[in-house]
Amino acid sequence: MVFAAARDRLADVLGGAEPPAASSVQLKASADALRLEVDGIGRVEFPVPEEQARELCRIGQPARFGRGEETLTDSRIRDTWEVPKNLVSIEWDGDFVPVLDAVCDGLGIQPGCDLTAEFHSMLVYEEGQFFVTHQDSEKDDAMIGTLVVTLPSVHTGGELVVEHNGEDIAYSGTDSALSLVAFYSDCRHEVLPVTSGYRITFTYNLLLTEDNSGAITADDALLSELARCLDEHFTTPVTVPYGRGEANPPGRLVYLLDHEYTARGLAWSRLKGADAGRASLLRSAADKGGCEAVLALTDVQETWSAFESGPDYGYRYFDGDLDDGWDDESDPDECELQELIESSIKLTRWTIGSRAEGISLAVADAEVCASTRSVDLKAYASEYEGYMGNYGNTMDRWYRRAAIVVWPRDRDFANRAEASPDWALDELIARVRAGDQAGACAAAATVRPFWDAAVRANGQAGFFGTALRTATALDDVEIAEMLLRPFRIECLSLSHVASLVMLAGHFGEQWLGELVSTWFGDGKSWLYGSKQARSEWIASLPGLCAALHSNGNSGAATSRHLVDLAWGWLGNTIQQALATQSLRYRDKELSDVGESLAAVLMAAAKIGAADLRDQVVEFVCHQGDEVIVCMMSALRSAGAQPAETRRDGGFDTLAADCAIRLKQRLATPPRADDDWSIPLPDGCGCELCDTLGTFLNDPTRRTYEWPLAKQRRRHVHDRIDASELPVRHQTRRTGRPYTLVLVKTQALFEREAQDRRRDEADLRWLSGEFERADGA
Ligand SMILES: O=C(O)CCC(=O)C(=O)O
Ligand SMILES: [Fe+2]
């Protein structure tokens, strides 16, 4: 016997209690119920005579449609006449209300709600006219659907086809009665081409103005069953693979709704179809079980194993529909889905009280349930990946689904904190200010399991300052460490100096020193992006250190610590750059890092760290001449500094050393016109590289024809390319083995001339800017 998880039982109970309601309904009404006058035409008779229909077309304008923010006309998409609103006057005989009540009934809208219809447009379709598949935009927050009234007229074709969850229903008008079709705004629909006669319609926006969220009176047994499911869900630990941490009960439950909602349209009072009843039940059960329930939007991605099927079977999974958020995507091949391989769900937005927040929170599978599977809904995008060897034959499908998120009240703070750490920090400070220090610490302790990930996922820089202040306010060393640990050093700026000093005062300099080291990271795995961010931060170091230094003993100690750490990172980075094989890449890296070198030296000068300055200068002066690029970049970056900073930062010493190196380099005579020798940089010493080195070194040999098997040719290619040597290598594909043809190129001379010109320019600049460089 298989026991269903509590969350799946809950979804089944909700689905059973509120079965899916219709997404569209059609009603018929007598033509006598309506009186229509149009300026310039007079009273319109029913069925509408051909003569009057033609007149209506004449005064009509091509109807427009929305695409994103734009309103367009394009007769390939929408081809129909719209009669200007101001010319139209409509009078319903008696009341429209009974009609709307019947609509409510048909769409499963809870009794007691106030549905109103707001006239939107009058349309006339003549032969051949149509409107392709689209979704109506919700023009008003309260809008939940559309009502289309088709006037009696003689016509064929022009069916209104409304689709929901893969099912199409075609509605036709008649020549004797009014046809009223209502549908929810998440239904895609189209008007098929009129094949004869005229089709005349009014469209109305359906607005739900009364709260329908409390309307359901649920039976107690049902609510108790739901509350039991919630309780079980929140007390049963999730099984985790062995060794993957502790088994804890889920922190939340995400119940996915069936209809689509826009961020603006999502509200308890405007849920569509069965969603309204289910939400009402779940909300009451949550309340009974001591839980919070909020409305949310999610992004769902599912990956299915799939295979292409012939046109005769399988489903069409995707229609290139037109809607407000239009898509031109072509249909992926027809596919049969087999098995769900993986799914991921992210909460993107929720509304707590009256506060709607954009969030980005990944939700575990064990926290999600639904009465309707995503695969049975319309995906907003899908992509088929054919067989690709070790992957592929998969279908990815993406959905945006609304959801109700439930959590136990005592985990309220943790749930909200995970989605918005900045809110959590503000809230903690507020609690301390309100005098609840202990409560604030207890709440803060609940974020421990996810805090690192939450901070990193939420763009930490924006709330680093708040985190510093919160840590001080909570006054608990372990909590302070936990709250602050996940931040990166790049968050730290001038504006945090006072908070940082305060923190040191609270928990001690040594404690802060360790924390700051954590912010620096281990420096081992620097991706390009983070390297750039680190360099940018180091550029701010002189100002930051100066401010800290003038802020008492702990400020001074912290500033020294920062410069030490920055130098630790920078020294490594310079060494790595020097070891780079590719010359071009090496020079670029060294030049980039020069600015950081200048910043570290300036910071050292600002805080009077002469020992560190000497250490840095000595390190640089001890490197080979490749380091000149880095020195020059650092010196240029410090060029604008006052003489005192240049002296205290060791720049004068660097400049002098650099000038000596440049002069030495320039003193070697330029390459003779007939000297074709090329030094092979150190590296592999195999027998092939030996032969290569001999050829390269020989000043008289320009070409070498070298019969070599494939693997060996490859090795020689690689060696030449890696060192960017001015040598062309080609394979002549005759004989056995093929022949590798090496030719030394003119670039040998061009590059060296270029390097010389650069050295000359550097030396001129140095002599102009740095006195000692000239005198040396
Ligand atoms: O004419 C109709 O039946 C429907 C027109 C429509 O879909 C629209 O105006 O958005
Ligand atoms: Fe429409």
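Residues numbered from 1 in each chain as written. Chains lettered and ligands numbered in written order. Predicted model: local features only at pLDDT ≥ 70, side-chain atom pairs only at ≥ 80, totals over all residues. Heavy atoms only, no water.

- Looking at an unreviewed UniProt entry, the protein chain carries the name 2OG-Fe(II) oxygenase, with the source organism given as Haloechinothrix salitolerans.

1. So, the packing of helix α18 (residues 610–621) against helix α21 (residues 651–667)
Then, number 1: In contact at an axis separation of 10 Å, α18 and α21 are set at 10 degrees when each is read in the N-to-C sense. In terms of their interaxial angle, α18 and α21 are classed as roughly parallel. Side by side, α18 and α21 meet where Val617, Val620 and Cys621 of the first sit next to Thr653, Leu654, Asp657 and Arg661 of the second.
Then, number 2: In the contact of α18 with α21, the residues fall into 4 nonpolar, 1 polar and 2 charged. (Axes fitted to C-alpha atoms, helices over the stretch in contact; angles between N-to-C directions. Helix = DSSP H or I, 4+ residues; strand = E, 2+ residues; numbered from the N terminus. Parallel < 35°, antiparallel > 145°, perpendicular 65-115°, else oblique. Contact = heavy atoms within 4.5 Å. Nonpolar A, V, L, I, M, F, W, Y, C, P; charged D, E, K, R; others polar.)

2. Quick notes on the coordination of the iron ion (ligand 2)
Then, number 1: Protein-derived ligands of the iron ion (ligand 2) are His134 (NE2), Asp136 (OD) and His189 (NE2), with the metal-ligand distances lying across 2.1 to 2.2 Å.
Then, number 2: One chain supplies every donor for the iron ion (ligand 2), spaced along it as H-x1-D-x52-H. Taken as a pair, His134 in strand β11 (residues 130–134) and His189 in strand β17 (residues 188–191) lie far apart in primary sequence, 55 residues in all.
Then, number 3: Look at His134 and you get buried, because its relative accessible area is 6%.
Then, number 4: What makes His189 buried here is its relative accessible area of 5%. (Donors = N, O, S within 2.8 Å, 3.2 Å for Na, K, Ca; no water. Buried < 20%, exposed > 50% of the residue type's maximum accessible area, 1.4 Å probe, protein only.)

3. Quick word on the site of ligand 1
Then, number 1: Around ligand 1, the surrounding shell holds 13 residues, and the nearest of these are Arg78, Tyr125, Asp136, His189 and Arg199.
Then, number 2: Within the contact set of ligand 1, an oxygen atom lies 3.1 Å away from a side-chain nitrogen or oxygen of Arg78.
Then, number 3: In the model, an oxygen atom of ligand 1 is placed 3.0 Å from a nitrogen or oxygen of the Asp136 side chain.
Then, number 4: For ligand 1, whose unbound accessible area comes to 290 Å², protein coverage reaches 94%.
Then, number 5: Of all the elements, strand β19 (residues 199–208) adds the most residues to the shell around ligand 1, at 3 residues.
Then, number 6: A per-class count over the shell around ligand 1 returns 6 nonpolar, 4 polar and 3 charged. (Near = heavy atom within 4 Å. Polar contact = N/O pair within 3.5 Å; in protein donor to acceptor, adjacent residues only side chain to side chain. Areas by Shrake-Rupley, 256 points an atom, 1.4 Å probe, with all protein chains shown as cover.)

4. Some thoughts on helix α2 (residues 50–59)
Then, number 1: Along α2, the residues that are buried comprise Gln52, Ala53, Leu56, Cys57 and Ile59.
Then, number 2: On its buried face, α2 is in contact with β2 (34–38), β3 (42–43), β4 (61–62), β8 (81–83), β10 (115–125) and β19.

5. Let's talk about the sheet that holds β17
Then, number 1: Overall, antiparallel pairing links the 5 strands, which are arranged β7-β11-β17-β14-β15 in an open sheet. Strands with a single pairing partner mark the edges of an open sheet, and in this sheet they are β7 (78–79) and β15 (167–171).
Then, number 2: In this sheet, β11 lies alongside β7 in antiparallel orientation, the contact comprising 2 bridges. Bridge pairing in β11 places Asp79 opposite Phe130. (Pairing = 2+ DSSP bridges.)

6. Details of the pattern of salt bridges
Pairs may arise between side chains of opposite charge once their charged atoms sit close together.
Then, number 1: Evaluated as defined, the whole model comprises 41 salt bridges.
Then, number 2: Put simply, Glu50 and Arg54 hold a salt bridge, and the shortest N to O gap is 2.9 Å. With Glu50 and Arg54 both in helix α2 and 4 residues apart, this pair spans about one turn of that helix.
Then, number 3: Between Asp614 and Arg613 there is a salt bridge; the shortest N-O distance is 3.0 Å.
Then, number 4: A relative accessible area of 41% means that Asp614 is categorised as partly exposed. (Salt bridge = Lys/Arg side-chain N within 4 Å of Asp/Glu carboxyl O.)

7. Quick notes on the domain arrangement of the protein chain
Then, number 1: According to the domain assignment, the protein chain consists of domain 1 (19–208), domain 2 (220–311 + 332–413), domain 3 (526–668 + 747–776) and domain 4 (687–745).
Then, number 2: Domain 1 and domain 2 are separated by 34 Å when their C-alpha centres are compared.
Then, number 3: Counting from both sides, the interface comprises 21 residues of domain 1 and, opposite them, 16 residues of domain 2.
Then, number 4: In total, about 1500 Å² of surface goes out of reach between domain 1 and domain 2, with carbon and sulfur atoms giving 47% of it.
Then, number 5: Arg264 serves as the salt-bridge partner of Asp141, at 2.7 Å between the closest nitrogen and oxygen.
Then, number 6: At the surface where domain 1 touches domain 2, the tally comes to 9 residue pairs in polar contact (both at pLDDT 80 or more). (Domains from an automatic or database assignment. Buried area = accessible area lost by both parts, 1.4 Å probe.)

8. Observations concerning unusual backbone geometry
Then, number 1: Residue Phe46 is joined to Pro47 through a cis peptide bond whose omega torsion reads -15 degrees.
Then, number 2: Examined against the element boundaries, Pro47 turns out to sit in the loop between β3 and α2.
Then, number 3: A cis amide bond links Arg736 with the next residue in sequence, Pro737, at an omega value of -10 degrees.
Then, number 4: Turning to its location among the elements, Pro737 is positioned in the loop between β28 (727–732) and β29 (739–744).

9. Remarks on the packing of aromatic side chains
Then, number 1: Per the counting criterion, the structure on display carries 14 aromatic pairs.
Then, number 2: Between the aromatic rings of Phe413 and Trp423, the centroid separation amounts to 5.6 Å while the plane-to-plane angle is 40 degrees, which identifies the pairing as tilted. Pair noted here: Phe413 is in helix α6 (residues 412–419) and Trp423 is in helix α7 (residues 421–433), with a separation of 10 residues, a long-range link. Here Phe413 and Trp423 have matching classes, each one buried.
Then, number 3: Cluster of aromatic residues (ring-pair linked, three or more members): Phe463, Phe464, Phe487 and Trp519. (Phe/Tyr/Trp six-rings, centres within 6.5 Å; stacked < 30°, edge-to-face > 60°.)

10. Comments concerning the environment of Ser224
Then, number 1: Locating Ser224 in the fold gives a position in helix α4 (residues 220–235).
Then, number 2: Residue classification places Ser224 among the partly exposed positions, given a relative accessible area of 24%.
Then, number 3: For the pair formed by Ser224 and Leu541, sequence separation is 317 residues and the distance between their alpha carbons is 61 Å.

11. A look at the state of the cysteines
Then, number 1: As enumerated under the stated definition, the model contains 0 disulfides in all.
Then, number 2: Between Cys689, a cysteine without a disulfide, and Cys684, which holds the nearest cysteine sulfur, the sulfur-to-sulfur distance is 3.6 Å.
Then, number 3: Taking relative accessible area as the criterion, Cys689 reaches 6% and is therefore assigned buried. (Disulfide = S-S within 2.5 Å.)

12. Regarding the pairing of β10
Side-chain direction in a regular strand flips from residue to residue, so the side chains alternate between the two faces of the sheet.
Then, number 1: Here β8 runs beside β10; their pairing, made up of 3 bridges, is antiparallel. Considered in β10, the bridge of Val83 is made with Met122.
Then, number 2: Pairing between β10 and β19: 10 bridges, direction antiparallel. When the sheet's bridge partners are listed, Leu115 is paired in β19 with Leu208.

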